[in-house]
Amino acid sequence: MFESSKPVIEDTEENRKICRNYCTRCPNAKHHCLDKHQPTELFCARGPSSATSMKMMGCFCQACEIYIKNHLRGGFFCVRR
Ligand code: SF4
Ligand code: SF4
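Looking at an unreviewed UniProt entry, one finds the chain named DUF2769 domain-containing protein, with Methanoregula formicica as its source organism.

S.K.: Please explain the environment of Glu41 as it appears in this structure.
M.R.: Inspection of the secondary structure puts Glu41 in the loop between α2 (27-31) and α3 (43-46). A residue is classified by how much of its surface remains accessible, and Glu41, at 7% relative accessible area, is buried. The spatial distance from the C-alpha of Glu41 to the C-alpha of Cys61 is 11 Å, given a sequence separation of 20 residues. Setting aside residues no more than four positions away along its own chain, Glu41 makes contact with Arg16, Cys19, Arg20 and Arg46. Here the side chain of Glu41 touches Arg20 through a polar contact of 2.7 Å, side chain to side chain.

S.K.: What exactly am I supposed to notice about the site of ligand 1 here?
M.R.: Looking at ligand 1, the residues that line it are Cys19, Tyr22, Cys23, Leu42, Phe43, Cys44, Cys61, Cys64, Ile66 and Tyr67. Secondary structure elements with two or more residues in the shell around ligand 1: α3 and α4 (65-69). For the shell around ligand 1, the class distribution of residues is 10 nonpolar, no polar and no charged.

Here is what the cut-offs are and how they apply
Residues numbered from 1 in each chain as written. Chains lettered and ligands numbered in written order. Predicted model: local features only at pLDDT ≥ 70, side-chain atom pairs only at ≥ 80, totals over all residues. Heavy atoms only, no water. Helix = DSSP H or I, 4+ residues; strand = E, 2+ residues; numbered from the N terminus. Buried < 20%, exposed > 50% of the residue type's maximum accessible area, 1.4 Å probe, protein only. Contact = heavy atoms within 4.5 Å. Polar contact = N/O pair within 3.5 Å; in protein donor to acceptor, adjacent residues only side chain to side chain. Near = heavy atom within 4 Å. Nonpolar A, V, L, I, M, F, W, Y, C, P; charged D, E, K, R; others polar.

Now the structure itself:
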């Protein structure tokens, strides 16, 4: 039987579009120019940003429907490894 406690978020264009409503607008993304580093969005599915020396500031994930639907925790997926 397949069991997993970790939600799997699919890397789809639809999910990226939802993510852009939050990640690209948050203080963290703007301050650290996350649009200049890969991955640029959907960090909960694609892993953290390759930008360095990031601080945790003002994550918008908690308002995102993907976050809510998948019962994600903590936010700051662009920073956390
Ligand atoms: S939970 Fe955060 S990283 Fe994941 S799609 Fe939503 S805004 Fe983007
Ligand atoms: S994961 Fe959170 S802190 Fe990082 S860019 Fe997305 S909304 Fe901002």
